[in-house]
Each structure stands twice: as structure tokens, then as C-alpha cells.
Amino acid sequence: MTHYFLDSSALVKRYVIETGTAWVRSITTPRTGNSVIIAHITPVEIVSGTMRRKRDGSISARTAHAVRLLVDRHTSREYKVIGLSDLIVQRAENLLEQHVLRAYDAVQLASALESSYRLVAAGLSPLIFVAADHRLLAVATSEGLTTDDPNGHP
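Here we summarise the structure given alongside this text. Every chain begins its residue count from 1, and numbering advances along the sequence as written. Thresholds applied to this predicted model are a pLDDT of at least 70 for local features of residues and 80 or more for the giving and counting of side-chain atom pairs; totals over whole chains, interfaces and linings are not thresholded and use all residues. Only hydrogens and water are set aside; all other atoms, that is, all heavy atoms of the structure, feed into the side-chain values.

A closer look at the overall build of the chain
So, point 1. Along the backbone of the chain there are seven helices and five strands.
So, point 2. Numbered from the N terminus, helices here are DSSP runs of H or I no shorter than four residues, and strands are runs of E no shorter than two. In the chain, the succession of α and β elements from N to C terminus is β-α-α-β-α-α-β-α-α-β-α-β.
So, point 3. With C-alpha atoms as the basis for the radius of gyration, the globule rule is written as 2.2 Å multiplied by the number of residues raised to the power 0.38. Over its C-alpha trace the chain gives a radius of gyration of 15 Å, about what one expects of a compact globule, namely 15 Å for 154 residues.
So, point 4. Expressed as lengths along the three principal axes of its C-alpha atoms, the size of the chain is roughly 40 × 35 × 30 Å.
So, point 5. Exposure is judged per residue with a 1.4 Å probe applied to protein chains only, and the accessible area is read against the type maximum: over 50% gives exposed, under 20% gives buried, and values in between give partly exposed. When burial is assessed residue by residue, the chain has 47% of its 154 residues classed as buried.
So, point 6. Taking the intrachain contacts of the chain between residues at least 6 apart in sequence as the baseline, contacts between residues at least 24 apart amount to 60%.
So, point 7. Method for areas: the Shrake-Rupley scheme with a 1.4 Å probe, in which residue coverage is limited to the protein chains shown. Counting only carbon and sulfur atoms, one obtains 53% of the accessible surface of the chain, whose full area is about 8,000 Å².
So, point 8. We count Lys and Arg on the positive side and Asp and Glu on the negative side, and we leave His and both chain ends out. A charge is said to be at NZ when it belongs to Lys, at CZ for Arg, at CG for Asp and at CD for Glu. Side-chain charges of the chain comprise 17 positive and 15 negative groups, with the mean position of each set lying 11 Å from the other. Note on definitions: a residue-residue contact is assigned when non-hydrogen atoms from the two residues lie within 4.5 Å.

Structure representation (C-alpha cells):
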């Protein structure tokens, strides 16, 4: 089993067709046995982006509603959700002091780092951090995470 941490820029590709969608779907389908880990804020970010697309007319209201339902269903049934704890907030603040990141990206990365730490402490392999943001991937790599970019998997 492979452990993947998907930030919202990567996970949105499961729901909205764009470059990398086929690959994200291939690693997140339950039959693979992969573990999909997300931050507690990820569903909010995905719904936010989806509703923005609905408002600008790039997706229909029906599609936006379906995405929200699927995100909520998958979050409750398929993903391991890392809650926003004091430790993650502190780690995110530390990351913001050291790197040029947006606030939510720092929370995503702090959640991934904590998740990877827990996996290794349990004797499991570390996770693969997946994002479609080059700056975030560079920071994740500098923090010691193995990374992958879904945009590199057309």
C-alpha cells in the first residue's frame, strides 16, 4: 500500500477534468488499496474552487453540486482526514517563517509532515506528497518529503 497526501490542487483533479485527472483517479480509487490522506481544510478548498468555476461559467451548477456531494462522500468514506491541531498550526506558522507560502499551503504542508511523521513512527513507509503547485512541491521537497506532481501525468 502506498500512502499519498493530496493537497487540494491535486485532489480537485479527481472531480474536475484537467491535466492529471486520469492519474489522480488511478491512485485514489479504493480498489488500489492506497491510503489517501488529506488535510481537514481540503474539502473546503475544493468546494471553494468548484463554486468559483460555477460562477465564472466554466462548469454547470449541476456539476458543481455533484462535485460537492462526491467530495463530502469521499471525505467521510475514503480519505484519512488530518484534523487541524495546535501542533499543525504551530508547524504551519514555522513553515511560513522559513518559506514563501500561502497560509493554506502552509497548513496543507504541515498536515502532510505530521502525517508522514506518524506513518514512520508506526513503522510504515513515509507518504508521497502530491500537489499541482511547483512552489509548494519545492518547499515540501526541502522539508524532506517525497513529492509528485499530477500535471506530470497527462
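Describing the packing of aromatic side chains
So, point 1. Planes of paired rings set the category: under 30 degrees apart is stacked, over 60 is edge-to-face and the rest tilted, where pairs are Phe, Tyr or Trp rings (Trp by its six-membered ring) whose centres lie within 6.5 Å. Applying the stated criterion to the full structure yields two aromatic pairs.
So, point 2. Between the aromatic rings of Tyr 4 and Trp 23, the centroid separation amounts to 6.4 Å while the plane-to-plane angle is 90°, which identifies the pairing as edge-to-face. Remark: Trp 23 occurs in helix α2 (residues 21-28) and Tyr 4 occurs in strand β1 (residues 3-6); sequence separation between them is 19 residues.
So, point 3. Of the residues examined, Tyr 4 reaches a relative accessible area of 11% and is grouped as buried.
So, point 4. Pairing Phe 5 with Phe 129 gives two aromatic rings, centres 5.8 Å apart and planes at 15°, and the pair type is stacked. Note that Phe 5 is positioned in strand β1 and Phe 129 in strand β4 (residues 128-130), a separation of 124 residues in sequence.
So, point 5. Judged by relative accessible area, Phe 129 falls into the buried class, the value being 0%.

With respect to the sheet that holds strand β3 (residues 79-82)
So, point 1. Strands were regarded as paired on the criterion that DSSP finds at least two bridges between them. Taken in spatial order, the five strands line up as β3-β2-β1-β4-β5 in an open sheet, and their pairing is parallel. Single-partner strands in this sheet number two, and they are β3 and β5 (146-148). In this sheet, neighbouring strand axes are inclined to one another by 30° on average, regardless of whether the strands run parallel or antiparallel.
So, point 2. Sheet analysis places strand β2 (residues 35-39) next to β3, joined by four bridges and oriented parallel. Opposite Ile 38, over in β3, you have Val 81 as the bridge partner.
So, point 3. Helix axes use the C-alpha atoms of the stretch in contact, all axes being lines fitted to C-alpha atoms, and the angles between their N-to-C directions lie in the range 0 to 180 degrees. Packed onto the sheet, helix α6 (residues 103-121) meets β1, β2, β3 and β4 and runs at close to 165° relative to β1.

As for the environment of Pro 43
So, point 1. Topologically, Pro 43 is positioned in helix α3 (residues 42-56).
So, point 2. Classification of Pro 43 as buried rests on a relative accessible area of 12%.
So, point 3. Between the alpha carbons of Pro 43 and Gly 152 there is a distance of 23 Å; along the sequence they are 109 residues apart.
So, point 4. Those residues in contact with Pro 43 that sit more than four places away from it in its chain are Ile 38, Val 71 and Thr 75.

What to know about the side chain of Asp 149
So, point 1. Checked against the element boundaries, Asp 149 lands in the segment after β5.
So, point 2. The side chain of Asp 149 sits in the buried core without any salt bridge; Lys 13 is the nearest counter-charge, 6.4 Å away.
So, point 3. Two N or O atoms count as a polar contact when they lie within 3.5 Å, although within protein this holds only if one can serve as hydrogen donor and the other as acceptor, and sequence-adjacent residues are included solely when both atoms are side-chain atoms. Among the polar contacts made by the side chain of Asp 149, one reaches the main-chain amide nitrogen of Asn 151 at a distance of 2.8 Å.
So, point 4. Other than its neighbours up to four places away in sequence, Asp 149 contacts Ala 131, Ala 132, His 134 and Leu 137. The salt bridge criterion pairs a side-chain nitrogen of Lys or Arg with a carboxyl oxygen of Asp or Glu, the two atoms within 4 Å.

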